[in-house]
Amino acid sequence: MPRHDDSTCATIPLPGESIEVIAAFGAHLRLERGRSANTVRAYTQDLNALAAFLSGPSRTVTSSRAATSSADGGDSRDSADGGDSDRTLLGAELADLRAWLGALSRAGLARSTLARRSASVRTFYAWARRTGLIERDPAQRLVAARTSRRLPAIVTTGQAGAALEAAAVAADDGDPLAMRDRAMVELLYASGIRVGELTALDVDDLDCTQGLVRVLGKGAKERIVPVGRPACSAAQDWLHTGRPSLVGERSGAALFLGSRGGRIDPREVRRVVHRSIARVPDAPDLAPHGLRHSAATHVLDGGADLRMVQELLGHRSLATTQLYTHVSIERLKESYVRAHPRA
């Protein structure tokens, strides 16, 4: 079967029905379920890719194989119609969905990506079934790809301190962008917030008198997160000295601004974090999420309760937060192996 990645799918025109139903599903996620713009974009992109696959040339190959399987005694309900090589999203069968995920797997997509795409498809078809767009949910028996629970890369407390010190030195000359970068890295590490949450902050969300920041997290859920004095000091320097130099018509109430005065883009924050950590010898290359992992791990290592860390990070499930206990245990094991004579 030919390789089907996103770039290939993007060149295939989609049937009008698929375009309309994807738009309606995106509106449902945004307006009724309160999903973030990034989540809506990811889910709709997944469905666009699936719709393109269903309309593409490899669908005919997949359908004929499924039809052959049905003739040999397979479950005909799960088989695609060999004569229909232009199926829309609402006409897809379980065999089509399995064929799509199989093609993506052979194209080399990571298990985590396959799991996310499985989730997108299951959410979409459950919604389509509830709203009466389809009579039977073809994704009901779609098994998600198992993701490996890899331990996230983190920096040590010493490496985090060195990166923040380097950011402070870079900001000493009063350059507005350097002051902004220092404040962003300090705030990310101090609070453990997500990069999207950082870029969405307004000036009034930060209360350095109380040492708190108000964050709008996933699902439009608001939480209050404590912030330490070093992060507040860096943020105050940026607000009083750096930010006024970049303020323009597009700034609004945004806490952090790009070089042209608009609200800063998450991609720029990622570049800043990569650059800041790269200044520290032997430190792993981290994105903003790596700083979030590091902050959570360091708070747990310092004796914080797991429930408190859950509130800090804004996790809906404690099971998600428990990953950080595995990080701490692995670090303990590494130290034991290095230090104990009979390890």
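Quick note: structure is the one above.
Basis of the calculations
- Sequence order as written defines residue numbering, which begins from 1 separately in each chain.
- This being a predicted model, a pLDDT of at least 70 is required before a residue's local features are given, and a value of 80 or more before pairs of side-chain atoms are given or counted; all residues contribute to the totals for chains, interfaces and linings.
- Side-chain descriptors were evaluated using all non-hydrogen atoms of the structure, hydrogens and water having been removed beforehand.
- Numbered from the N terminus, helices here are DSSP runs of H or I no shorter than four residues, and strands are runs of E no shorter than two.
- Burial here depends on accessible area, computed with a 1.4 Å probe over protein chains only, as a share of the maximum for the residue type. Under 20% is buried, over 50% is exposed, and the range in between is partly exposed.
- Working note: the arc is built from the helix axis to C-beta atom directions.
- Classification of ring pairs rests on two measures: the distance between centres of Phe, Tyr or Trp rings, Trp counted by its six-membered ring, which must be within 6.5 Å, and the angle between planes, read as stacked under 30 degrees, edge-to-face over 60 and tilted in between.
- Each patch is assembled from residues with relative accessible area greater than 30% and no salt bridge, linking like charges that lie within 9 Å and nonpolar side chains (Val, Leu, Ile, Met, Phe, Trp, Tyr) that lie within 5 Å.
- Accessible areas in this description were obtained via Shrake-Rupley with a 1.4 Å probe; residue shielding takes into account the shown protein chains only.
- Think of a salt bridge as a Lys or Arg side-chain nitrogen and an Asp or Glu carboxyl oxygen that are within 4 Å of each other.
- By the counting rule applied here, Lys and Arg register as positive and Asp and Glu as negative, while His and the ends of each chain are not counted.
- Charged groups are reduced to one reference atom each: NZ for lysine, CZ for arginine, CG for aspartic acid, CD for glutamic acid.
- Pairing between two strands is assigned when DSSP locates at least 2 bridges connecting them.
- Here, expected helix span is obtained from the residue count minus one, scaled by 1.5 Å.
- Every residue pair with non-hydrogen atoms within 4.5 Å of one another is taken to be in contact.

*Asks:* Describe in detail the environment of V143, supporting the description with residues and values.
*Replies:* Note on placement: V143 falls in the loop between α6 (111-130) and α7 (157-171). Owing to a relative accessible area of 69%, V143 belongs among the exposed residues under this scheme. Placed 24 residues apart in sequence, V143 and A119 show a C-alpha to C-alpha distance of 9.6 Å.

*Asks:* Report on helix α13 (residues 306-313), specifying residues and quantitative values.
*Replies:* Those residues of α13 that fall on the buried side of the exposure criterion are L306, V309, Q310, L312 and L313. Looking down the long axis of α13, one finds its buried residues gathered within 160° of arc, a one-sided arrangement. In α13, those exposed residues whose orientation departs by more than 90 degrees from the buried face are R307 and E311. Count one or two residues on from α13 and you reach G314, which has phi positive near 75°.

*Asks:* Help me get a handle on the packing of aromatic side chains, residues and values and all.
*Replies:* Within a pair of aromatic rings, the relevant descriptors are the distance that separates the centres and the angle that separates the planes. Using the criterion set out here, one finds five aromatic pairs in the structure. Considering the side-chain rings of F25 and F124, the 5.3 Å spacing of their centres and the 85° angle between planes classify their relative orientation as edge-to-face. Of this pair, F25 sits in helix α2 (residues 16-32) while F124 sits in helix α6, and the two are 99 residues apart along the sequence. Ring centres of F124 and W127 lie 5.9 Å apart, and the angle between their planes is 40°; this geometry places the pair in the tilted category. Within this pair, F124 and its partner W127 are both found in helix α6, separated by three residues, close to a single helical turn. W127 carries the same exposure label as F124, and that label is buried. Here a set of aromatic residues connected by ring pairs shows up, and it is made of F25, F124, Y125 and W127.

*Asks:* Which residues make up a positive patch on the surface, and what are the values?
*Replies:* A cluster of basic residues, R33, R130, K218, K221 and R316, forms a positive patch on the protein surface. Locating K221 in the fold gives a position in the loop between β2 (212-216) and β3 (222-226).

*Asks:* Report on the sheet that holds β3, specifying residues and quantitative values.
*Replies:* In space, the three strands of this open sheet follow the order β1-β2-β3, with antiparallel pairing throughout. Whereas interior strands pair on both sides, the edge strands pair on one side only; in this sheet they are β1 (206-207) and β3. The sheet contact formed by β2 and β3 spans five bridges and is antiparallel. Its bridge partner lying in β3, V213 is registered against V225.

*Asks:* Tell me about α2, and name the residues and values.
*Replies:* The periodicity of an α-helix, 3.6 residues per turn, causes residues three or four positions apart to be oriented the same way. Over its 17 residues, α2 runs 24 Å from end to end, which matches the ideal 24 Å to within 8%, given 1.5 Å per residue. Here α2 has its buried residues at S18, V21, I22, F25, G26, H28 and L29. Buried positions in α2, seen along its axis, are confined to an arc of 155° and lie on one side of it. Along α2, the residues that are exposed and aim more than 90 degrees away from the buried face are E20, L31 and E32. On its buried face, α2 sits against α3 (37-55) and α6. After α2 finishes, the residue G34 shows a positive phi value of roughly 65°.

*Asks:* Requested: an account of the side chain of S120, with residues and values cited.
*Replies:* Along the chain, S120 turns up in helix α6. A relative accessible area of 0% means that S120 is categorised as buried. Not counting the four nearest positions on each side in its chain, S120 is found in contact with Y43 and D46.

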